[in-house]
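# Examining the three-dimensional arrangement
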Amino acid sequence: MSEPMTYARYLALDELLVAQKPLSDRHDELLFIVIHQTKELWLKEIIHEVGLAKRLIETGDLEPAYKALARVSRIQTIMTLSWDVLATMTPADYLSFRETLGTSSGFQSHQFRTLEYLLGLKDESFLRFHAERPEALAQLKAALEAPSLYDVAIAQLPKHGLSVPDAVLNRDFAQAYAPSSEVEAAWLEVYRDTKRYWELYQLAEKLVDLDDALVTWRHKHVLTVERIIGGRPGTGGTEGVGYLARTLQRRCFPELWSLRTKL
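What comes next concerns the included structure. Owing to the predicted nature of the structure, the values given are computational and were not obtained by experimental measurement.

### As for the pattern of salt bridges
Considering all chains together, one arrives at nine salt bridges under this definition. The shortest N-O distance in the salt bridge between Lys262 and Glu184 comes to 2.7 Å. In this pair, Lys262 is assigned in helix α13 (residues 254–262) and Glu184 in helix α10 (residues 181–192), connecting sequence segments 78 residues apart. Judged by its relative accessible area of 46%, Lys262 is partly exposed.

### Focus: the side chain of Gln156
Mapped onto the elements, Gln156 comes out in the loop between α8 (149–154) and α9 (166–169). Contact partners of Gln156, with chain neighbours within four places excluded, come to Ile57, Glu58, Gly60, Leu62 and Leu200.

### A look at unusual backbone geometry
At Ala12, a residue that is not glycine, the phi angle is positive and equals roughly 50 degrees. When you line up the elements, Ala12 lands in the loop between α1 (7–10) and α2 (13–16).

### A few points about the packing of aromatic side chains
Using the criterion set out here, one finds ten aromatic pairs in the structure. Here Trp83 and Trp217 contribute two aromatic rings whose centre-to-centre distance is 5.4 Å and whose plane-to-plane angle is 50 degrees, an arrangement assigned as tilted. Taken as a pair, Trp83 in helix α4 (residues 62–86) and Trp217 in helix α11 (residues 198–229) lie far apart in primary sequence, 134 residues in all. Just as Trp83 is buried, Trp217 falls in that class too. Measuring from ring centre to ring centre gives 6.5 Å for Phe126 and Phe129, while their planes differ by 35 degrees; the resulting arrangement is tilted. Judged by its relative accessible area of 7%, Phe126 is buried. Overall, the relative accessible area of 24% leaves Phe129 in the partly exposed class. An aromatic cluster of three or more residues is present, and its members are Phe32, Tyr94 and Phe97. For Lys206, the ring lying beneath its charged end belongs to Tyr66, and the centroid distance is 5.4 Å. In this structure, Arg251 is placed above the aromatic ring of Trp257, and the distance from its NZ or CZ to the ring centre is 5.4 Å.

### Considering the side chain of Ser109
Along the polypeptide, Ser109 turns up in the loop between α5 (91–95) and α6 (110–119). Given the relative accessible area of 7%, Ser109 is considered buried. A polar atom in the side chain of Ser109 sits 3.1 Å from the backbone nitrogen of Phe112. With residues near it in sequence (within four places) discarded, Ser109 still touches Lys39, Glu40, Leu43 and His130.

### Comments concerning the packing of α11 against α13
Interhelical geometry of α11 versus α13 gives an angle of 110 degrees and a closest axis separation of 9 Å. Overall, the two elements α11 and α13 adopt an arrangement that is roughly perpendicular. Across the interface between the two elements, Ala204, Glu205, Leu207, Val208, Asp211 and Asp212 from α11 touch Leu256, Trp257 and Arg260 from α13. Across the contact of α11 with α13, the residue classes tally to five nonpolar, no polar and four charged.

### Re the environment of Pro91
Here Pro91 is to be found in helix α5. Assessed through its relative accessible area of 37%, Pro91 is described here as partly exposed. Along the primary structure Pro91 and Val225 are separated by 134 residues, whereas in three dimensions their C-alpha atoms are 9.7 Å apart. Setting aside residues no more than four positions away along its own chain, Pro91 makes contact with Arg227 and Ile228.

### Comments concerning helix α3 (residues 29–58)
The terminal C-alpha atoms of α3 lie 43 Å apart, and with 30 residues this matches the ideal 44 Å at 1.5 Å per residue to within 8%. Two residues or fewer after α3 comes Gly60, characterised by a positive phi angle close to 80 degrees.

### A word on the nonpolar core
Within the largest apolar cluster, 74 residues are counted, with the highest numbers of intra-cluster contacts made by Leu149, Trp187 and Leu256. Broken down by element, this core gets its largest block of residues, twelve residues, from α11. Setting aside anything within four residues of it in sequence, one finds Leu256 in contact with Tyr150, Trp187, Tyr191, Ala204, Leu207 and Val208.

### Some details on a nonpolar patch on the surface
A contiguous nonpolar surface patch, about 540 Å² in accessible area, is contributed by Met5, Tyr7, Tyr10 and Leu11. As for its position among the elements, Tyr10 is in helix α1.

Rules and cut-offs
- Residues numbered from 1 in each chain as written.
- Predicted model: local features only at pLDDT ≥ 70, side-chain atom pairs only at ≥ 80, totals over all residues.
- Heavy atoms only, no water.
- Salt bridge = Lys/Arg side-chain N within 4 Å of Asp/Glu carboxyl O.
- Helix = DSSP H or I, 4+ residues; strand = E, 2+ residues; numbered from the N terminus.
- Buried < 20%, exposed > 50% of the residue type's maximum accessible area, 1.4 Å probe, protein only.
- Contact = heavy atoms within 4.5 Å.
- Phe/Tyr/Trp six-rings, centres within 6.5 Å; stacked < 30°, edge-to-face > 60°.
- Lys NZ or Arg CZ within 6 Å of the ring centre and 35° of its normal.
- Polar contact = N/O pair within 3.5 Å; in protein donor to acceptor, adjacent residues only side chain to side chain.
- Axes fitted to C-alpha atoms, helices over the stretch in contact; angles between N-to-C directions.
- Parallel < 35°, antiparallel > 145°, perpendicular 65-115°, else oblique.
- Nonpolar A, V, L, I, M, F, W, Y, C, P; charged D, E, K, R; others polar.
- Expected span 1.5 Å × (residues − 1).
- Core = buried A, V, L, I, M, F, W, Y, C linked by side-chain atoms within 4.5 Å.
- Patch = residues over 30% accessible without salt bridge, like charges linked within 9 Å, V, L, I, M, F, W, Y side chains within 5 Å.
- Areas by Shrake-Rupley, 256 points an atom, 1.4 Å probe, with all protein chains shown as cover.

Below is the structure:
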């Protein structure tokens, strides 16, 4: 006879609550681990939701995709707020255990890179950090080579009578997306006649919500890192704040931003 389902068994709490393994005796290391493990759990859910949204959009079922995308935006808000908790750690607190991290860094998060790939920020150079983790590498490669969320959204434009070049629709999806004036023109039509293209308009705004939230998360990340380590290099080998600050210029859905100037 199987054991009755309990809260602890359903959530695998016995495994979950021993997954935090500080390498020092410093009080703040547990917070550092919990913040980053929680981030990875939320990234798992975001990837789950973006995958659903992609499948729905590919089949032209746009309205149900809005719910998944709205959920992602809410999760992004929680992730951004978590930086405020980490920022309660002072430079002295962090430096007391930083050496135990070695070369490990959030820069190496395969789930964050998977999310970037899913949203269209393709850069195969990140694959090399996961050569020793076959499952993580397979997930990354699949996301790199597949159409992104933005690619499947753009593919819906011709199905609503809007013109998109074949070179955009049938490109090498493993390559970084290059902004297109023709794609911008198509989205401009959507924004200029929202009543006619209401579903596409709502989809576009949900995508902008995601991009906005991602940049907000990055900005708070920059401030938190600068507050805690200043201009020191990152543990993963990057220049730290300088590298993070440059990521603030990235946009997953570029034409949905640029068209606003032309409305």
